[in-house]
Amino acid sequence: MSKALNIKKIHDYLFEVPPHGRMRVPARLYLDERSLRELVENRSSEEWNAIRQLENVACLPGIVKAAMAMADVHPGYGFPIGGVAAFDPKEGGVISVAGVGFDINCGVRCLRTHLTRRDIAGKEEKLADTLFEVVPAGLGSTGELKLSPKEIDRVLREGARYAVRLGYGREEDLEYIEEHGCLSDADPSVVSHTAKQRQMAQVGTLGSGNHYVEVQVVDQIYNARAAQAFGLEVGQIVIMLHTGSRALGHQIGTDYLPFLEKATKKYGIEVPDRELVCAPIESPEGQQYFRAVMAGANCAFANRQVLTHLVREAFWKALRVPDTAIETLYEVAHNTVKWEVHEVDGERRRLLVHRKGSTRAFGPGRPEIPERYRAVGQPVLVGGTMGTASYILVGTEQGMRETFGTALHGAGRAKSRRQAKRQYPADRIIEQLRKQGIIVRAHGKASISEEAPGAYKDVEHVVEVMCNAGIVARVARLRPIVCLKG
Amino acid sequence: MPWEYLDHEADIGLEARGASLQEALRDGVRGLLALLVDPETVEPREVVSIEASGDDPGSLYVALLNAVLAAIDVHRMFFRDFELTRLERVDDQWIAEGRLYGEPIDLDRHAVEIEVKAATYGGLLAEQTESGWRLRCVLDL
């Protein structure tokens with residue numbers, strides 16, 4: 001199968017499809033033999049397969065070095081999930097809706113607590129109920145924050161800073177968010193009225209699907225120096241929350257898809273898949289979409305900031321834990337496009353990096369990393385699947401050289417949602433998890449079945465591949481205790 | 001069912017078939033509504049008008065599905081049914097208008113299934129066959 005696809009093995013954890021047809025650069029996949037075989041066998045259709053999607057990305061103008069996919073790769077729309085691609089504006093580089101996704105700046109925040117496993121023993125049910133009550137989640141839910149059109153514009157311009165200004169969280173949270181929770185190129189004037197209207201009641205809501213709040217315990221430390229820098233030790237309680245820009249981000253994607261399609265025709269760009277519509281980065285259309293995406297990203301930053309506050313509120317209500325005992329460890333984004341400086345073949349270049357379902361994973365020394373972590377590298381947060389472990393990893397020098405400082409974002413889906421729904425009845429999953437000591441609360445039963453641990457790849461294996469490839473290194477493994485699903 | 005949900009690893013495909021484009025568009029929207037909330041739990045008490053346009057039947061299909069998703073958030077309502085009231089080609093644009101029937105969101109009564117973020121151009125297909133029209137796209141979940 002891999003021969004028919006002409007996949008070359010670079011080393012045990014990296015495979016490459018050499019450029020062919022209209023591909024401008026190779027397509028590279030961080031996989032081992034086993035995961036490559038799974039990926040090839042899993043190709044459900046000619047167009048809905050991750051390798052073909054990666055080859056298509058490699059055809060886009062101005063792409064630098066390679067179209068790459070991490071070990072959690074699976075089919076998306078346009079770009080595969082787990083993908084990264086960098087574009088050079090000087091070489092006609094483009095910006096693409098499919099390279100960002102509709103959930104703009106969807107990401108994970110990890111909160112570190114002063115609690116240990118013993119502090120919450122016997123109180124898990126109460127904590128789960130309180131989180132369920134305090135954190136609005138699921139389709140149709142509304143946040144406690146009701147914003148006016150003027151306030152929505154401030155959310156879009158100021159991101160998490162605005163949420164902190166409103167009293168949601170603390171100033172020091174901002175230090176540990178990518179871009180300090182605020183992107184300066186955001187422009188609310190290029191975001192439609194519909195997008196803003198959709199969001200008025202949704203800031204501070206979790207959403208559904210794979211979005212969650214999970215209370216976890218650190219059960220293993222692999223790298224003492226990095227763990228110390230990140231403030232982690234065995235037995236400690238941490239909390240991960242995964243959500244994005246909600247309806248506002250979805251509407252920006254929706255609005256700009258036909259907008260960029262017109263630009264694609266105007267600038268005579270040939271795209272192998274209609275979902276890959278794009279505009280030259282420096283064109284007025286490209287610039288406008290970029291400014292809209294930055295606004296959407298700020299909305300996601302604000303959303304996670306409000307949710308952080310709600311999580312603190314739930315811990316206070318359920319366990320009388322003061323909010324100062326819950327600190328932001330770090331926040332990473334999954335669906336982004338960013339200007340970054342990278343060294344390519346000995347030359348420093350300013351590139352527009354699309355990360356679709358992958359995480360920035362900068363190595364030590366980069367100025368973007370908070371000072372406290374700078375010597376060890378950026379924390380990389382890998383979400384688990386309710387029943388399996390999550391990981392805190394750290395970016396490496398090798399990752400900077402090979403993947404524009406990018407790593408995996410989660411376990412990655414292995415089964416379609418429909419398959420999962422047929423195979424994993426929600427009640428059975430909840431019971432199985434309970435037997436493992438994991439308390440689950442969900443707003444929709446469908447999201448339990450669809451997000452069942454069996455629907456995902458083996459997170460241990462996916463992490464192992466990326467670590468063996470040298471792109472990231474393990475710092476800590478986290479085990480779930482309480483999980484709140486949308 | 002005149003619509004079908006297709007397997008996709010991360011998301012889901014929505015395919016609608018109809019004797020006419022009008023029918024296929026209508027059933028695509030009905031398929032989307034049934035995916036979000038059990039329509040049996042939603043009363044058709046109020047009407048919301050939506051409109052959409054596209055360069056061709058495929059982009060019109062995507063735009064119409066997205067107009068439904070926007071209507072849910074903007075009006076804070078769930079919908080049980082959809083009726084397509086206008087389908088026209090004006091110059092280079094395909095235009096559709098329709099009416100959604102539903103009621104304000106009541107999470108105690110409405111059986112919510114899943115949240116759809118957007119209809120995308122992924123796997124977009126709009127073809128006229130001997131038996132009618134076939135429309136398909138990937139929904140981002």
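As a reminder, the structure under discussion sits directly above these lines.
The rules we used
- Residues numbered from 1 in each chain as written.
- Chains lettered and ligands numbered in written order.
- Predicted model: local features only at pLDDT ≥ 70, side-chain atom pairs only at ≥ 80, totals over all residues.
- Heavy atoms only, no water.
- Helix = DSSP H or I, 4+ residues; strand = E, 2+ residues; numbered from the N terminus.
- Rg over C-alpha atoms; globule rule 2.2 N^0.38 Å.
- Buried < 20%, exposed > 50% of the residue type's maximum accessible area, 1.4 Å probe, protein only.
- Contact = heavy atoms within 4.5 Å.
- Areas by Shrake-Rupley, 256 points an atom, 1.4 Å probe, with all protein chains shown as cover.
- Lys, Arg positive; Asp, Glu negative; His and termini not counted.
- Charge placed at Lys NZ, Arg CZ, Asp CG, Glu CD.
- Buried area = accessible area lost by both parts, 1.4 Å probe.
- Salt bridge = Lys/Arg side-chain N within 4 Å of Asp/Glu carboxyl O.
- Pairing = 2+ DSSP bridges.
- Axes fitted to C-alpha atoms, helices over the stretch in contact; angles between N-to-C directions.
- Parallel < 35°, antiparallel > 145°, perpendicular 65-115°, else oblique.
- Left-handed = near helix turned anticlockwise from the far one by under 90°.
- Nonpolar A, V, L, I, M, F, W, Y, C, P; charged D, E, K, R; others polar.
- Polar contact = N/O pair within 3.5 Å; in protein donor to acceptor, adjacent residues only side chain to side chain.

Engineer: Any chance you could explain the overall build of chain A here in plain terms?
Structural biologist: Each helix and strand in chain A was counted, giving 17 helices and 19 strands. Taken over the C-alpha trace, chain A has a radius of gyration of 21 Å; the compact-globule value for 486 residues is 23 Å, and the two agree within 12%. Dimensions of chain A, computed from the C-alpha atoms along their principal axes, are close to 60 × 50 × 45 Å. Going through the 486 residues of chain A one by one, you find that 66% of them count as buried. Sequence separation of 24 or more characterises 77% of the internal contacts of chain A that already satisfy a separation of 6 or more. Surface accessibility of chain A: about 16300 Å² in total, with carbon and sulfur atoms responsible for 47%. A gap of 2 Å separates the mean positions of the 65 positive and 59 negative side-chain charges of chain A.

Engineer: How do you make sense of the interface of chain A and chain B when you look at a structure like this?
Structural biologist: As a measure of interface size, the accessible area lost when the parts come together is often cited. On the chain B side, the residues contacting the 45 residues of chain A number 39 residues. Counting each side, the surface lost to burial between chain A and chain B is near 3700 Å², with a carbon and sulfur contribution of 53%. Its largest share of buried area at the contact with chain B, chain A owes to W48, L139 and R274 of chain A, together 22% of the area lost on that side. Where chain A meets chain B, there are eight salt bridges.

Engineer: I'm lost on the sheet that holds strand 12 (residues 335–344) of chain A in this one. Help?
Structural biologist: Either a parallel or an antiparallel arrangement is found when strands of a sheet pair, and the pairing is made through backbone hydrogen bonds. Residue and element names in this part refer to chain A. If you trace the seven strands from one edge of the open sheet to the other, you get 1-2-3-4-5-13-12, paired in mixed fashion. Here the strands that pair on one side only, and so sit at the sheet edges, are strand 1 (8–11) and strand 12. Adjacent strand axes in the sheet meet at a mean angle of 40° when their direction is disregarded. Pairing between strand 5 (residues 79–87) and strand 13 (residues 347–356): five bridges, direction antiparallel. When the bridges of strand 13 are listed, V84 appears paired with R355. Strands in contact with helix 2 (residues 50–57) are strand 2 (14–17), strand 3 (27–29), strand 4 (67–77) and strand 5; relative to strand 4, the strand with the most contacts, it is inclined by about 105°.

Engineer: Which parts of the structure should I look at to understand the packing of helix 4 (residues 124–134) of chain A against helix 11 (residues 284–319) of chain A?
Structural biologist: In a packed pair of helices, the relevant descriptors are the angle between the two axes and the axis-to-axis distance. Residues and elements named next belong to chain A. For the pair helix 4 and helix 11, the least separation of the axes is 9 Å and the interaxial angle reads 135°. The angle between the axes of helix 4 and helix 11 places the two elements in the oblique class. The two elements helix 4 and helix 11 cross, and the hand of that crossing is right-handed. In contact with K126, L127, T130, L131, E133 and V134 of helix 4, helix 11 contributes L310, V311, E313, A314, F315, K317, A318 and L319. The residue inventory of the contact of helix 4 with helix 11, partitioned by class, reads nine nonpolar, one polar and four charged.

Engineer: Would you take a moment to explain the pattern of salt bridges for this structure?
Structural biologist: Between side chains of opposite charge, a pair can form when the charged atoms approach closely. Residue and element names in this part refer to chain A. Enumeration over the complete set of coordinates arrives at 60 salt bridges over all chains. Here E178 and K338 are joined by a salt bridge, their closest N and O atoms 2.2 Å apart. Of this pair, E178 sits in the loop between helix 7 (171–175) and helix 8 (193–199) while K338 sits in strand 12, and the two are 160 residues apart along the sequence. As far as burial versus exposure is concerned, E178 and K338 are alike and both buried. Of the charged contacts, one joins E285 and K266 as a salt bridge, the two residues approaching to 2.8 Å between their closest N and O atoms. Within this pair, whereas E285 is found in helix 11, its partner K266 is found in helix 10 (residues 246–266), the two being separated by 19 residues in sequence. Under the relative-accessibility criterion, E285 is labelled buried at 11%.

Engineer: Just checking my understanding: could you explain unusual backbone geometry for this structure?
Structural biologist: Keep in mind that most residues, glycine aside, have a negative phi and that most peptide bonds are trans. For D345 of chain A, which is not glycine, the phi dihedral falls at a positive 50°. If you trace the backbone, D345 of chain A turns up in the loop between strand 12 and strand 13. In the Ramachandran plot, R76 of chain B falls in the positive-phi region, its phi being about 55° despite a non-glycine side chain. Under the relative-accessibility criterion, R76 of chain B is labelled partly exposed at 21%.

Engineer: Please explain the environment of R312 of chain A as it appears in this structure.
Structural biologist: Residue and element names in this part refer to chain A. Within the secondary structure layout, R312 lies in helix 11. Relative accessible area serves as the criterion here: at 3%, R312 is assigned to the buried category. Distance in space between the C-alpha atoms of R312 and G169 is 8.6 Å, their sequence separation being 143 residues. Polar side-chain contacts of R312 include one of 2.8 Å to the backbone oxygen of I326.

Engineer: Explain the environment of G101 of chain A to me, please; I cannot follow it from the model alone.
Structural biologist: Looking at the secondary structure, you find G101 of chain A in the loop between strand 6 (94–96) and strand 7 (107–116). Sequence separation between G101 of chain A and A389 of chain A is 288 residues, and the spatial gap between their C-alpha atoms is 26 Å.

Engineer: Explain the sheet that holds strand 5 (residues 93–104) of chain B here, please?
Structural biologist: Residues and elements named next belong to chain B. Strands sit in the order 3-5-4 across an open sheet of three strands; the sheet is antiparallel. In the strand order of this sheet, the two ends are held by strand 3 (46–54) and strand 4 (77–90), each with one partner. Between one strand and the next, the sheet's axes are offset by a mean angle of 20°, whatever the strand orientation. Lying on the sheet, helix 1 (residues 21–36) is in contact with strand 4 and strand 5; it crosses strand 4 at an angle near 155°.

Engineer: Just checking my understanding: could you explain the environment of F259 of chain A for this structure?
Structural biologist: Residues and elements named next belong to chain A. Inspection of the secondary structure puts F259 in helix 10. For F259, a relative accessible area of 26% gives the class partly exposed. It is 38 Å that separates the C-alpha atoms of F259 and R37, two residues lying 222 residues apart in sequence. With sequence-adjacent residues up to four places away left out, F259 is seen in contact with E285 and Q288.

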